[in-house]
Amino acid sequence: MSESAAPTLSELLRTFRTRTGLTQAALAEKAGLSEQAISVLERGTRTRPRTDTVRALTTALALTPAEADQFLSVARGKSKERPPATKTDPSAELPQTPWQLPPSAPDFTGRSAQVDAILSALRDPIGTGATTVGLVAVTGMGGIGKTTLAVHAAHKLADNYPDGHLYLNLRGYGPGSPMTASDAQRHLLRSLGSDARSVPDNVDEAAALLRSRLAGRRVLLLLDNAADVAQILPLLPGSAGSAAIVTSRGSMVHLPGARQILLDALSHSESVELLAEVIGQARVAAEPEATQFLAICSGRLPLAIRLIGGRLATRPGWPIQHFVDLLQDEERRLDSLGSDETGVRASIASSVRFLEESDRDLDRQAATALPLLTIPDGSDLLTPVAAALLEVPLRRASAIVERLVDLNLLESVSPSSYRFHDLIRAYGREVAEQTLTAAERDAALVRILHFYTELGWVAHRFTHPTSPRLALATVPTSAHVPSLRDREQALRWIDAEQRNLMDRVRQARHSPLADSVLLPELALALFGYLESRRRWQEMRELHTDAVRLAQGHGRPETAAWLQHDSAIPDAENGAIDRAIDPILAALEMFRALDAPSGQARCCSSLAYLLGTEGRIEEALEYGEAALALSRTIQDQTLEGVSLTAVGGLYDRLGDFERADRAFADAISLAQAANDTRAVFKRYLNAAFTHLQVERYQDAVPLALNSLAIVQRTGDSTFQGESRHLLAIAYAAIGDYAEGARQIEAGLLVARASQDAEREGRLYLELARINAARGDHAAADQQLNTALTLLRNAPEVYRSYARELLDKLHRGEINKYEFAAYSI
């Protein structure tokens, strides 16, 4: 090992092993590891072993405390002798190796032949002559233990795949729709270090990117609960080295090259052994005949055995025979415990009956709650959502769901987040259909929509506190929506729940609630969230049919705002011509209502859209109308928006004096209202319009002001915008060095906030600057990087990047020119 550099993990391990005189095989045996695990560590193929592996090696090598500390530090990448990674060190930006396998079941029992079959197929991914991807398909009925087996085997294979382990539940058999191939690809690529927003929408292109990311790496994928072969194929590696285990209830016989494992029930002895693991060997030994009976009644299904065992484990004073007597009672017996869905349903029912017949009020509440909690679609169930469904306080809802977890009727995913096994959810929904009227089931979904609508209004008040939409809120406040302290917390909360929210809206639309007045109000309430997070696809979906519903329920002003907002996705994605007519229709709706606030907003929107289309005189008429209306109703927020729009139009007409006066007045209004976000946006908009009319020197101080404001607030999204604008302004006046410096600062912010679109647009700008100063090689590389990052961005940016690349290759770029695309 060199004295001038810190030793690597492979160097340390080889030195310590050689000192002890152990071969790799001998060290592996002594440490309880595989010989291949030692080999990959010494070769440097794997540099971040698990902590338990490091501890086993430390003991086997008899390291001194100092040596053990050094070994652990290097293994964790924290060597005191190496300089820490900095932001300019490329290695600091490499994604961490994913280790996503769920914990292996501590009571895993039997299945030795199946485990051996999986290990045999996947243990040596780069063995002699290996040319194909290792692939195993585990199939069988629900509750048979497919996932448990796959996870157990995957942990045994962990050391053979040192570059990571990915786990993904594909939701093939569960409420709602299976996960799409595109969603699954985004999840896997994000886990491998890609930004989800840079993943292609096209499934074939995303599959190629995923194969590229896995090429040359040894990664194990566990693709759980697949719907069919078509869902799996776009997710598989393309070359030897990586492998996949797939589980599904459906047949996977058409999955090319897969080792097929059809999972059947446990053997009788394995069933008894598993029951002993759950309730304790002493109880099984004390009542062997009763135990044998329970093993038979369980149908030898792991889910049923664990559920029955869980009941006994929670009642250590119960003799096993007492439970047997309950099952022998005709009215209490599980109706069937065969190896089909009926058997599983009966096993679940036995645990629910235990709750129903308990002396504790909480248990009886939990039994009653189960069918209600299974009604909504969505992968996860949050405690506040459960509280809204059950119409109980948050603390009581938490106690109820935790009680269900105690009896294995609900899985705890993370604090306050839970998930039903799909069979238990199916059971709960059957009970709901049998015990609740259709009106009661619909009422449960109404409570869900009410919860999300109220949550949307809370976020809306943080993001747009002066929005006229807020006056249209009708849902009363409740104690179920969490207390949110600020804008960012509210947005993050909805971020985490957004997928479940959309699943449940779709569920409502396919139910008798399809005509509910809550659907249009929910769309309106979520405007603040959707606009702040630029979720144009979700905005478009939520607005589908919303205008008609609002009108049908006598909510004309809500309908008018929804009509206006329905144009935003097109406007933001560059389809300006498609956005104009919906805004014109909204303007007529507001005029019919004599609603000047809505008219002013429509006019200011039209001023922007028509100005972008080059229809300046027409745009100015709408801008002046918006300004007059906002002053009539004394709405200073709308007045400021209108002044900003008018200022931009005067700039384009060359009337700079009137433009500057309009911008100054707009900024003063925002400052007087202490609206920091509005002050920033108005400085930014003024600077941008100055750039469009070649007022480059005038743009710089305005852009600097916008940056100073957002630096004080710490908003990363707005910092990226300000840095971008400053870069354009400096480059336009010929200061390429300062322009490039602003881009680099903006890139750091964009990466930190995982804003792929902003990062791509900044790379576009940097390419233009480098091309102008003659560094065509750097510009070429940056344009290709931008194209990758902008895969899911509006087409206008991708087209512009391709156009620049063509011009660069033809040698047509020799100076910097301002490009009139959105900042």
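A.B. asks: Where do I start with the overall build of the protein in this structure?
C.D. replies: The secondary structure content of the protein amounts to 40 helices and eight strands. Within the span of the protein, comprising 823 residues, buried residues form 55% of the whole. On the protein, roughly 35,500 Å² of surface is accessible, and the fraction owed to carbon and sulfur atoms is 49%.

A.B. asks: Which parts of the structure should I look at to understand the sheet that holds strand β6 (residues 381-382)?
C.D. replies: In sheet architecture, strand pairing relies on hydrogen bonds along the backbone and comes in two forms, parallel and antiparallel. The three strands lie next to each other as β6-β8-β7, forming an open sheet whose pairing is antiparallel. The open sheet terminates on both sides in strands that have one partner only, identified here as β6 and β7 (411-414). The sheet contact formed by β6 and strand β8 (residues 417-419) spans two bridges and is antiparallel. Residue pairing for β8: L381 is matched across the bridge by Y418.

A.B. asks: Whenever I open this one, the state of the cysteines confuses me. Can you help?
C.D. replies: Covalent bonding between the sulfur atoms of two cysteines is what defines a disulfide. Counted by the stated rule, this structure contains zero disulfides. Take C603: it sits in no disulfide, and the sulfur closest to it among the cysteines is that of C602, at 7.0 Å. Relative accessible area serves as the criterion here: at 2%, C603 is assigned to the buried category.

A.B. asks: Help me understand the pattern of salt bridges, please; the structure alone is not making it clear to me.
C.D. replies: A side chain of one charge can pair with a side chain of the opposite charge if their charged atoms are brought near each other. Scanning the entire structure with this criterion turns up 41 salt bridges. For R360, the salt bridge goes to D363, with nearest N and O atoms at 3.7 Å. R360 gets classed as partly exposed once you look at its relative accessible area, which sits at 40%. In the salt-bridge network here, residues are joined through shared partners; they are R171, D503, R506 and E541.

A.B. asks: I would appreciate a short explanation of the pairing of β7 in the present structure.
C.D. replies: Looking at chain direction, β7 and β8 are connected through three bridges and run antiparallel. Paired with S414 across the strands is S417, a residue of β8.

A.B. asks: When you look at helix α1 (residues 9-20) in this model, what are you seeing that I'm missing?
C.D. replies: Think of an α-helix as 3.6 residues a turn; residues three or four steps apart then line up on the same face. For α1, which comprises twelve residues, the first-to-last C-alpha distance of 17 Å matches the rise-based estimate of 16 Å (1.5 Å per residue) to within 8%. Considered for burial, the residues of α1 that qualify are L9, S10, L12, L13, F16 and R17. One side of α1 carries all its buried residues, which in axial view fall inside an arc of 165°. Among the residues trailing α1, G21 stands out with phi positive, at a value near 80°.

A.B. asks: Sorry, what's going on with the packing of aromatic side chains here?
C.D. replies: Each aromatic ring pair is described using two quantities: the centre-to-centre distance and the angle formed by the ring planes. With the rule as written, the count across this model stands at five aromatic pairs. Ring geometry for F16 against F71: centres 6.1 Å apart, planes inclined by 80°, an arrangement best described as edge-to-face. Note that F16 is positioned in helix α1 and F71 in helix α5 (residues 65-75), a separation of 55 residues in sequence. There is no split in this pair, since F16 and F71 are both buried. Centroid distance W561 to F590: 5.0 Å. Interplanar angle 70°. Geometry classified as edge-to-face.

A.B. asks: I'm lost on the environment of S267 in this one. Help?
C.D. replies: Residue placement: S267 occurs in the loop between β5 (259-262) and α11 (268-279). Taking the C-alpha atoms as reference points, S267 and A295, 28 residues apart in sequence, are found 9.5 Å from one another.

A.B. asks: In this structure, what is going on with helix α32 (residues 636-653)? I would like to understand it.
C.D. replies: Relative to the 26 Å expected for 18 residues at 1.5 Å per residue, α32 spans 25 Å between its end C-alpha atoms, a close match to the ideal helical length. Counted residue by residue, α32 has 13 buried out of 18 residues, so it is predominantly covered. One side-chain oxygen at the N-terminal end of α32 lies 3.1 Å from the backbone nitrogen of T637; it belongs to D635. Of the residues trailing α32, G654 is marked for its positive phi of about 85°.

A.B. asks: It is not clear to me how the side chain of R487 should be interpreted in this structure. Could you clarify?
C.D. replies: Relative to the assigned elements, R487 resides in helix α22 (residues 487-509). Separated by 3.0 Å, the side chains of R487 and E488 make a polar contact.

A.B. asks: How should the confidence of the model for the protein be read in this particular structure?
C.D. replies: When pLDDT drops low, the exact placement of atoms in the prediction is not to be read closely. Looking at the protein as a whole, its pLDDT mean stands at 85, while 90% of the residues score no less than 70. Low pLDDT, under 50, characterises residues 79-95; the stretch is placed with 16 contacts to residues that sit more than four places away or in other chains. Counted against residues more than four places away or in other chains, residues 330-343, with its pLDDT under 50, gives 35 contacts.

A.B. asks: In this structure, what is going on with the sheet that holds strand β1 (residues 134-139)? I would like to understand it.
C.D. replies: The strand order across the open sheet formed by five strands is β2-β3-β4-β1-β5, and the pairing between neighbours is parallel. Each of the sheet's edge strands pairs with one partner strand only, and the pair in question is β2 (165-169) and β5. On average, each strand axis in the sheet is tilted by 15° relative to the strand beside it, whichever way the strands run. The pairing of β1 with strand β4 (residues 243-248) spans six bridges and is parallel. Residue pairing across strands places G134 opposite A243, the latter belonging to β4. In the packing of helix α6 (residues 112-122) onto the sheet, contacts are made with β1, β3 (220-226), β4 and β5, and the angle to β1 comes to roughly 160°. Sheet strands in contact with helix α7 (residues 146-156) are β1, β2, β3 and β4, and its direction is about 165° off that of β4.

A.B. asks: Before we go on, may I ask you to explain the pairing of β1 in this structure?
C.D. replies: The side chains of a regular strand alternate, first on one face of the sheet and then on the other. Across the six residues that make up β1, a large majority, six, are buried. Because side chains alternate across β1, one face comprises the buried residues G134, V136 and V138, and the other comprises L135, A137 and T139, equally buried. In the sheet, β1 pairs with β5 via four bridges, with the strands oriented parallel. Opposite T139, over in β5, you have L262 as the bridge partner.

A.B. asks: Hey, could you run me through the side chain of Q563 in this one?
C.D. replies: Here Q563 is to be found in helix α27 (residues 556-565). Owing to a relative accessible area of 16%, Q563 belongs among the buried residues under this scheme. Excluding its chain neighbours within four sequence positions, the residues that come into contact with Q563 are V547, P582, A585, A586 and M589.

A.B. asks: I'm lost on the packing of helix α18 (residues 383-390) against helix α19 (residues 394-406) in this one. Help?
C.D. replies: As a packed pair, α18 and α19 sit with axes 8 Å apart at the nearest point and diverge in direction by 100°. The angle between α18 and α19 places the two elements in the roughly perpendicular class. Where α18 approaches α19, its residues T383, P384, A386, A387 and L390 are matched on the opposing element by L394, A397, S398, I400 and V401. A per-class count over the contact of α18 with α19 returns eight nonpolar, two polar and no charged.

A.B. asks: Explain the packing of helix α21 (residues 438-463) against helix α23 (residues 518-525) here, please?
C.D. replies: Pairs of packed helices are described in terms of their axes, by the angle between the two and the distance that separates them. It is the contact of α21 with α23, at a shortest axis distance of 8 Å, that shows an interaxial angle of 25°. Here α23 runs roughly parallel to α21, going by the angle between their axes. The element α21 and its partner α23 pack so that their crossing is left-handed. For the pair formed by α21 and α23, the contact residues are V446, L449, H450, Y452, T453, G456, W457 and H460 on the first element and L518, L519, E521, L522, L524 and A525 on the second.

A.B. asks: I would appreciate a short explanation of the environment of L63 in the present structure.
C.D. replies: Locating L63 in the fold gives a position in the loop between α4 (51-60) and α5. Taking relative accessible area as the criterion, L63 reaches 13% and is therefore assigned buried. Taking the C-alpha atoms as reference points, L63 and F16, separated by 47 residues in sequence, lie 8.0 Å from one another. Apart from the residues lying within four places of it in its own chain, the contact partners of L63 are F16, R19, T58, A68 and F71.

A.B. asks: Teacher, can you tell me more about unusual backbone geometry here?
C.D. replies: Keep in mind that most residues, glycine aside, have a negative phi and that most peptide bonds are trans. At A62, a residue that is not glycine, the phi angle is positive and equals roughly 55°. You can see A62 is positioned in the loop between α4 and α5. Relative accessible area serves as the criterion here: at 59%, A62 is assigned to the exposed category. Phi angles above zero are rare outside glycine, and S416 is one such case at about 70°. Tracing the backbone shows S416 in the loop between β7 and β8.

Calculation criteria
Residues numbered from 1 in each chain as written. Predicted model: local features only at pLDDT ≥ 70, side-chain atom pairs only at ≥ 80, totals over all residues. Heavy atoms only, no water. Helix = DSSP H or I, 4+ residues; strand = E, 2+ residues; numbered from the N terminus. Buried < 20%, exposed > 50% of the residue type's maximum accessible area, 1.4 Å probe, protein only. Areas by Shrake-Rupley, 256 points an atom, 1.4 Å probe, with all protein chains shown as cover. Pairing = 2+ DSSP bridges. Disulfide = S-S within 2.5 Å. Salt bridge = Lys/Arg side-chain N within 4 Å of Asp/Glu carboxyl O. Expected span 1.5 Å × (residues − 1). Arc of directions from axis to C-beta. Phe/Tyr/Trp six-rings, centres within 6.5 Å; stacked < 30°, edge-to-face > 60°. Polar contact = N/O pair within 3.5 Å; in protein donor to acceptor, adjacent residues only side chain to side chain. pLDDT = per-residue confidence, 0-100. Contact = heavy atoms within 4.5 Å. Axes fitted to C-alpha atoms, helices over the stretch in contact; angles between N-to-C directions. Parallel < 35°, antiparallel > 145°, perpendicular 65-115°, else oblique. Nonpolar A, V, L, I, M, F, W, Y, C, P; charged D, E, K, R; others polar. Left-handed = near helix turned anticlockwise from the far one by under 90°.

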